[in-house]
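So the chains spell out like this:
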Amino acid sequence: MTPLLVAVALVANGVAVGVMVSTVIGLAPMTLAVPYQTYVGTVQFLWKRYDPLMPALNATACVLDLVLVATFDDATARALFGTAGALLVVVMVISVVKNVPINRYVMSLDPQRPPADWARADPRVRWRNWNLLRTALAVLAFVVNVSAVAVLLGATASP
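In this report, we go over the structure that sits alongside the text. (Residues numbered from 1 in each chain as written. Predicted model: local features only at pLDDT ≥ 70, side-chain atom pairs only at ≥ 80, totals over all residues. Heavy atoms only, no water.)

**Here's the deal with the environment of Leu27**
To keep it simple, the criterion reads: Numbering of helices and strands starts at the N terminus; helices are DSSP runs of H or I of at least 4 residues and strands are runs of E of at least 2. The cut-offs for exposure are 20% and 50% of the maximum accessible area for each residue type, with area from a 1.4 Å probe on protein chains only; residues under the lower value are buried, those over the upper are exposed, and the others partly exposed.
Within the secondary structure layout, Leu27 lies in helix α1 (residues 2–33). A relative accessible area of 19% places Leu27 in the buried class. Taking the C-alpha atoms as reference points, Leu27 and Val139, separated by 112 residues in sequence, lie 17 Å from one another.

And the structure:
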């Protein structure tokens, strides 16, 4: 059962990282380059798809990392899984506290009618910056998770 938990944690973390990196290299730059109507319409189309997936992936990886801390005897692997889990907690906190409120604001907008204060209220740069931070932390969590697996594989390969 433990190898399955490790595999699911890695897959969940890895898929989430892949999606997040794609937003950093593609979606965020695109949303900064398009006019209001296209930006709002794009976010309103995509958020309904990203929202159920991303929290589930990050939460799954985080919970499994924390479960794996209690599963192995190897102190280094335990520390690494714990670190990855803690990083994913920070990713989820940034998501809930910073990015989700911005997404909800954009979801409330009329794509055909920008608010009068749009030049001041435009959240795209803030969203991009918070997304970049949480993506970097998620990538780091993935590297730490893979490192934990490498430690465990090295421990089992030793005579």
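**Considerations on the side chain of Arg124**
Note the threshold: Residue contacts are defined here by distance: any two heavy atoms, one from each residue, within 4.5 Å place the two residues in contact.
Relative to the assigned elements, Arg124 resides in helix α5 (residues 124–157). Given a relative accessible area of 11%, Arg124 falls into the buried group. Those residues in contact with Arg124, other than ones at most four positions away along the chain, are Thr31, Leu32, Val34, Pro35, Tyr39 and Trp118.

**Observations regarding helix α2 (residues 36–69)**
In an α-helix there are 3.6 residues to a turn, and that puts residues three or four apart on one side. Formally: What a helix is expected to span follows from its residue count: subtract one and scale by 1.5 Å. A residue's bend is given by the angle between axes fitted to the 7 residues ending at it and the 7 residues starting at it.
Across its 34 residues, α2 extends 46 Å between first and last C-alpha, which sits within 8% of the 50 Å expected from 1.5 Å per residue. Taking the largest bend as the criterion, α2 deviates by roughly 40°, centred on Trp47.

**Some remarks on the packing of α2 against helix α3 (residues 75–107)**
Defined as follows: To obtain an axis, a line is fitted to C-alpha atoms, over the contacting stretch when the element is a helix, and the angle between two such axes runs from 0 to 180 degrees between their N-to-C directions. Under this scheme an angle from 65 to 115 degrees is roughly perpendicular, one under 35 degrees roughly parallel, and one over 145 degrees roughly antiparallel; angles in between are oblique. By definition, turning the near helix anticlockwise from the far helix through less than a right angle yields a left-handed crossing, and turning it clockwise yields a right-handed one. Under the scheme applied, nonpolar residues are Ala, Val, Leu, Ile, Met, Phe, Trp, Tyr, Cys and Pro; charged residues are Asp, Glu, Lys and Arg; polar residues are all the others, including Gly.
Where α2 meets α3, the axes come as close as 9 Å, and the angle between the chain directions of the two elements is 160°. Considered as vectors, α2 and α3 are oriented roughly antiparallel to each other. As for how α2 packs across α3, the hand of that crossing is left-handed. Of the residues belonging to the contact of α2 with α3, the class tally is 19 nonpolar, five polar and four charged.

**Some remarks on the nonpolar core**
Definition in use: We call a set of buried Ala, Val, Leu, Ile, Met, Phe, Trp, Tyr and Cys residues a nonpolar core when their side-chain atoms join them within 4.5 Å.
With 29 residues, the main nonpolar core has Val6, Met54, Leu68, Phe72, Phe81, Leu88 and Val91 as its most contacted residues. Elements that contribute at least two residues to this core include exactly α1, α2, α3 and α5. Of the residues forming this core, the biggest block, eight residues, is contributed by α3. For Leu88, the contacting residues outside a window of four places in its chain are Asn13, Asn58, Ala61, Cys62, Asp65 and Ala141. With 11 residues, the next largest nonpolar core counts Tyr36, Val106, Leu109 and Trp118 among its residues.

**Focus: the packing of aromatic side chains**
For clarity, the threshold we go by: Classification of ring pairs uses Phe, Tyr and Trp, with its six-membered ring standing for Trp, and accepts pairs whose centres are within 6.5 Å; under 30 degrees between planes counts as stacked, over 60 as edge-to-face, and the remaining range as tilted. For a Lys NZ or an Arg CZ to count as sitting over a ring, it must be within 6 Å of the ring centre and within 35 degrees of the ring normal.
Considering all chains together, one arrives at three aromatic pairs under this definition. Centre to centre, the rings of Tyr36 and Trp118 are 4.8 Å apart; their planes meet at 80°, and the pair counts as edge-to-face. Of this pair, Tyr36 sits in helix α2 while Trp118 sits in helix α4 (residues 118–121), and the two are 82 residues apart along the sequence. Judged on exposure class, the residue Tyr36 and its partner Trp118 are both buried. Members of the aromatic cluster, each reached through a chain of ring pairs, are Tyr36, Tyr39 and Trp118. Seen from the ring of Phe45, Arg49 lies directly overhead, with NZ or CZ sitting 3.7 Å from the centre. The cationic tip of Arg124 hangs over the ring face of Tyr39; the distance from NZ or CZ to the ring centre is 4.8 Å.

**Some remarks on the pattern of salt bridges**
To be explicit about the condition: Here a salt bridge means any side-chain nitrogen of Lys or Arg lying within 4 Å of a carboxyl oxygen belonging to Asp or Glu.
One pass over the full model with this rule turns up three salt bridges. Ionic pairing is found between Arg113 and Asp110, a salt bridge with its closest N-O pair at 3.2 Å. Classification of Arg113 as exposed rests on a relative accessible area of 60%. Taking relative accessible area as the criterion, Asp110 reaches 30% and is therefore assigned partly exposed. As a salt-bridge pair, Arg124 and Asp122 come within 2.7 Å of each other at their nearest N and O atoms.

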